[in-house]
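Residues per chain, in single letters:
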Amino acid sequence: MNKQLILDTIYEKFDQWSSTVPAVCGKGCATCCTQEVTVSAPEAEKILQYILDHQKLDWLAERVKLYQPPKPPTSTTNEYAQACFNQQEIEQPENRDGGICPFLIDNCCSIYEIRPFSCRCFISETPCSKVQPAEVPEYYLSGSTAVQQLLEHMGQNDYWGNLFDVLLALATVYEYSEIGNCLSADGSADRAKQRVKWAKPLPGFLLTEEDMEKVGPLLQSIFESDIEGKTIEEIFNGR
Ligand code: SF4
Ligand code: SF4
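Residues numbered from 1 in each chain as written. Chains lettered and ligands numbered in written order. Predicted model: local features only at pLDDT ≥ 70, side-chain atom pairs only at ≥ 80, totals over all residues. Heavy atoms only, no water.

**Q** Sorry, what's going on with the pattern of salt bridges here?
**A** Tallied over the full model, the rule gives 4 salt bridges. A salt bridge links Lys46 to Asp8; its shortest N-O distance comes to 2.6 Å. Linking Lys46 in helix H2 (residues 41-53) with Asp8 in helix H1 (residues 3-18), this pair joins segments that are 38 residues apart in sequence. Residue Lys200 is joined to Glu79 by a salt bridge in which the shortest nitrogen-to-oxygen separation is 2.7 Å. A residue pair is termed long-range when its members are at least 10 positions apart, and Lys200 in the loop between strand S5 (197-198) and helix H10 (209-223) and Glu79 in helix H4 (residues 77-85) qualify at 121 residues. (Salt bridge = Lys/Arg side-chain N within 4 Å of Asp/Glu carboxyl O. Helix = DSSP H or I, 4+ residues; strand = E, 2+ residues; numbered from the N terminus.)

Spelled out as structure tokens, the structure:
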């Protein structure tokens, strides 16, 4: 499975679908970069590959030193969905304060082109601040959650969690050991591994019939996308 190609396709389809939302977001507006950012492994690998390709290893090591780990999420998006389907009591995931993101430099994202989905989908129709939450239509939130579920499904059985925890945990894997060797040997990678969770398969979407009217076309455009001769739906179904 070419996960990076699938990831780029999902990002592209989401951008097309969400382009009609009149977001006021712009360069230098970055209050949202203090929110917790959760990622699946393929999203974090995109960033690590960029670091390797551009030999920004020392730069990443400096960024990691600024990382203040927030409390880890209590459940992954798909765990939460599964619990809802099982009618279990479970804490609802919400946007939580994650401290200033170490990738934020001079109020701009230093990895903007390869930023993870949680950052891509965080927009607002009105200027937001610490006391004024972002405003988006309900169907947009449902569509964003559905895509989060798909990204977790794609990264199932691999790390899932806070962006810097997943980056640190993955940097201990052989493929990214060049990065891991550059990071401080202060035990932060081991602590990150204890904070991350394992991504789970998709148990079904948390969508109402009303949501489906707006979100259905997004999911259809993703599932029908061709990746090297197979649709994403065929790939996700193991065909
Ligand atoms: S979500 Fe809010 S803080 Fe973030 S860029 Fe948009 S308007 Fe600015
Ligand atoms: S990765 Fe970029 S967009 Fe996302 S929170 Fe950090 S600085 Fe903001």
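**Q** Would you explain the pairing of strand S4 (residues 159-162) in this entry?
**A** For a regular strand, the rule is simple: side chains alternate between the two faces of the sheet. In this sheet, S4 lies alongside strand S1 (residues 38-40) in antiparallel orientation, the contact comprising 3 bridges. Residue pairing across strands places Thr38 opposite Asn162, the latter belonging to S4. (Pairing = 2+ DSSP bridges.)

**Q** Sorry if this is basic, but what is going on with the site of ligand 1 here?
**A** Residues in contact with ligand 1, as listed here, are Cys25, Cys29, Thr31, Cys32, Phe122, Ile123, Ser124 and Cys128. Considered class by class, the residues forming the shell around ligand 1 number 6 nonpolar, 2 polar and no charged. (Near = heavy atom within 4 Å. Nonpolar A, V, L, I, M, F, W, Y, C, P; charged D, E, K, R; others polar.)

**Q** Would you mind going over the sheet that holds S1 with me for this structure?
**A** Strand pairing in a sheet is mediated by backbone hydrogen bonds. Such pairs are either parallel or antiparallel. What the 3 strands build is an open sheet, ordered S1-S4-S5; its pairing is antiparallel. Bordering the open sheet on either side are S1 and S5, each of which pairs with just one other strand. As defined by bridge partners, S4 adjoins S5 across 2 bridges and the pair is classed as antiparallel. Considered in S5, the bridge of Trp160 is made with Lys197. Here H2 sits on the sheet and contacts S1 and S4; the angle it forms with S1, its principal contact strand, is near 90 degrees. (Contact = heavy atoms within 4.5 Å. Axes fitted to C-alpha atoms, helices over the stretch in contact; angles between N-to-C directions.)

**Q** What's the story with the confidence of the model for the protein chain in this structure? I'm lost.
**A** Low-pLDDT portions of the prediction should not be read for the details of their coordinates. Confidence in the prediction for the protein chain averages 92 pLDDT; 99% of positions are at 70 or higher. The secondary structure element of the protein chain with the lowest average pLDDT is helix H8 (residues 177-182), at 88, and the one with the highest is H2, at 97. (pLDDT = per-residue confidence, 0-100.)

**Q** Would you mind showing me how to read the packing of H1 against H2 here?
**A** When two helices pack together, their arrangement is given by the angle between their axes and by how far apart the axes lie. Viewed as axis vectors pointing N to C, H1 and H2 meet at an angle of 100 degrees, and their least axial separation amounts to 10 Å. As far as their axial angle goes, H2 and H1 are roughly perpendicular. Between H1 and H2, the residues in contact are Lys3, Gln4, Leu7, Asp8 and Tyr11 and Pro42, Glu43, Glu45 and Lys46, respectively. (Parallel < 35°, antiparallel > 145°, perpendicular 65-115°, else oblique.)

**Q** Can you walk me through the packing of aromatic side chains in this structure?
**A** Pairs of aromatic rings are described using the distance from one ring centre to the other and the angle between the two planes. Going through the model one piece at a time under the given rule, you end up with 10 aromatic pairs. Residues Phe14 and Phe117 carry aromatic rings whose centres are separated by 4.8 Å and whose planes lie at 80 degrees to one another, so their mutual orientation is edge-to-face. Highlighted residues: Phe14 in helix H1 and Phe117 in helix H5 (residues 117-120), separated in sequence by 103 residues. Assigned by exposure class, Phe14 and Phe117 land together as buried. On the numbers, 4.7 Å between centres and 40 degrees between planes, the contact of Phe103 with Phe164 is tilted. Taken together, the positions of Phe103 in the loop between H4 and strand S2 (104-105) and Phe164 in helix H7 (residues 163-170) put the pair 61 residues apart, joining distant regions of the chain. (Phe/Tyr/Trp six-rings, centres within 6.5 Å; stacked < 30°, edge-to-face > 60°. Buried < 20%, exposed > 50% of the residue type's maximum accessible area, 1.4 Å probe, protein only.)

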